[in-house]
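# Overview (structure and organization)
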Amino acid sequence: MKKILSVNAGSSSLKFKIFAMPAETVIASGKFERIGIEHPLVEIKYGDGQKFSEEAKVKNHSEAVQILLDKLLDLKIIASYDEISGVGHRVVAGGEFFKESVVVDTNNERLIEKTFELAPLHNPANLMGIRAFKQALPHAVAVAVFDTAFHQTMPEENYLYAVPYKWYENYSVRRYGAHGTSHRYVASVAADMLGRPLEDLKLISCHLGAGASICAIKDGKSFNTSMGFTPLAGVTMATRSGDVDFSAVAYMMRKLKVKNVSQMVETLNHESGMLGISGKYSDSRDILEAAEAGDHRAYLANEIFERSVIDYIGQYTFEMGGVDGIIFTAGIGENSQETRESIVKKLAFLGINLDKVNNQTRGKNTFISTPDSKVKVMRIMTDEELLIARDTFNLAK
């Protein structure tokens, strides 16, 4: 048995799970929040429902890693550091450097540094976490698992923008997508549920959360995806606009006398989407509740979100020449039966009928379409940490 740590490091946070491999049993999980900020919090769940939680002085990620490892010893989750044979790290953007998960050596660290501009809020923090764990656990194999890697199989006509080709040649401007680890995981589960080889299927994966993306998966590979050069593009999201005409942005820059493009990007990322339309809410649950109570702008926000999802499902169905299965996953996709029901009803033209009983179930993978539906619709619980652990286990052998 090997113990593998799956890590997701943010700018002021660090989330983790420890797996016993190859059994894929979760031994412990937890998070550090507000690293380097006032009142930082550490939380660890382990054993038979046991939980450790306290405020701890955590100035940076290196201190967080050391505190975590010490607590794992104190709580007897591990007997020694040597029990951890590998640490897998989520890295958001791999650019065109990384088409699959890799062992992080000095050269790969330098390549990750070159991707900072593609994900300035995420990749520097991801690399910070990698270096902190490598210093604390020099014997453990460090593995980077990239959100964008799964989408490196897209054909040129799907990842290139219709802009001067030199933008791509000289500056690597193209569609990279995101949520690739989630899309890859749920696609494999869908194939098992359908009882067919993944390579024989045409799937559309809807990762719907505060950040949302749709992915067309053909022959087991990413064929197209809604997010673009950054996670701003694609469907309407909680606070991100999704697709928008750049001329409208330029027009508003003139009207608002904004000279800083970064300020507009900030607005499109944090003040738009369902929050921008509703004027009040970014959480889908609040949107649905307000819409039910008669708030027209909340209704509009939800309707625009759902229609943007349907637009991509329709587009990808035609691009792939059909679809065998549609997957709902992530926070909204897994937990909002109202959203799933509304979207599925709007997809009736594909020969889909909703199984209302199954759609109301929570906490497990299930078909939410009736057996006679021409296209099978599934609710699948994503598990990016498990996929990170699998890749790390395989590379650490």
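Under the criterion given, the structure shown has 17 salt bridges. Between K51 and E43 there is a salt bridge, with the nearest N and O atoms lying 3.6 Å from each other. A single network of salt bridges, built from pairs that share partners, joins E109, E113, R131 and K134.

Paired through their backbone hydrogen bonds, the strands of a sheet run either parallel or antiparallel. Reading across from one edge, β5-β4-β3-β2-β1-β6-β8-β7 is the order of the eight strands in this open sheet, with mixed pairing throughout. Of all the strands in the sheet, the pair left with one neighbour each is β5 (50–55) and β7 (102–103). Summarising the sheet, strand β1 (residues 2–9) and strand β6 (residues 84–91) pair through five bridges and their orientation is parallel. Each bridged residue has a counterpart across the sheet, and for K3 the counterpart in β6 is I84. Helix-sheet contacts for helix α3 (residues 123–136) involve β1, β2 (14–21), β6 and β8 (141–146), and the interaxial angle to β6 is about 170°.

If you look at the biggest cluster of nonpolar residues, it comprises 34 residues, and the most contacted ones within it are I204, C206, L208, I214, V309, I326 and F328. Going through the elements one at a time, β9 (202–208), β10 (212–218), α11 (296–320), β12 (325–329) and α13 (337–346) are the ones with two or more residues in this core. In terms of residue count, α11 provides more of this core than any other element does, eight residues in total. Excluding residues within four positions of it along the chain, I326 makes contact with I204, C206, I313, L347, L350, I352, V375, K376, V377 and M378. Within the second largest apolar cluster, 29 residues are counted, among which are I18, Y46, V87 and A132.

Right, let's talk about a nonpolar patch on the surface for a bit. A cluster of nonpolar side chains, contributed by I277, Y299, L300 and I304, occupies part of the molecular surface with about 300 Å² of accessible area. No other element matches the three residues that α11 contributes to the nonpolar patch.

Here we come to the packing of aromatic side chains. Enumeration according to the criterion identifies six aromatic pairs in this entry. Plain terms: the ring middles of F97 and F98 are 6.4 Å apart, the flat faces sit at 65° to each other, and that makes the pair edge-to-face. A relative accessible area of 3% places F98 in the buried class. With a centroid separation of 6.0 Å and an interplanar angle of 50°, the aromatic rings of Y159 and Y168 are classed as tilted. Exposure class is identical for Y159 and Y168. Each is buried. A connected cluster of aromatic rings, assembled from ring pairs, spans F97, F98 and F146. For R174, the ring lying beneath its charged end belongs to Y159, and the centroid distance is 3.8 Å. The aromatic ring of F223 is capped on one face by K218, whose charged end is 5.1 Å from the ring centroid.

With six bridges connecting them, strand β4 (residues 41–46) and β5 associate as antiparallel partners. Bridge pairing links K45 to K51 in β5. Here β4 hands over to β5 after three residues, with G47 in that stretch at a positive phi of 60°.

Reading guide: rules and limits
Residues numbered from 1 in each chain as written. Predicted model: local features only at pLDDT ≥ 70, side-chain atom pairs only at ≥ 80, totals over all residues. Heavy atoms only, no water. Salt bridge = Lys/Arg side-chain N within 4 Å of Asp/Glu carboxyl O. Pairing = 2+ DSSP bridges. Helix = DSSP H or I, 4+ residues; strand = E, 2+ residues; numbered from the N terminus. Contact = heavy atoms within 4.5 Å. Axes fitted to C-alpha atoms, helices over the stretch in contact; angles between N-to-C directions. Core = buried A, V, L, I, M, F, W, Y, C linked by side-chain atoms within 4.5 Å. Buried < 20%, exposed > 50% of the residue type's maximum accessible area, 1.4 Å probe, protein only. Patch = residues over 30% accessible without salt bridge, like charges linked within 9 Å, V, L, I, M, F, W, Y side chains within 5 Å. Areas by Shrake-Rupley, 256 points an atom, 1.4 Å probe, with all protein chains shown as cover. Phe/Tyr/Trp six-rings, centres within 6.5 Å; stacked < 30°, edge-to-face > 60°. Lys NZ or Arg CZ within 6 Å of the ring centre and 35° of its normal.

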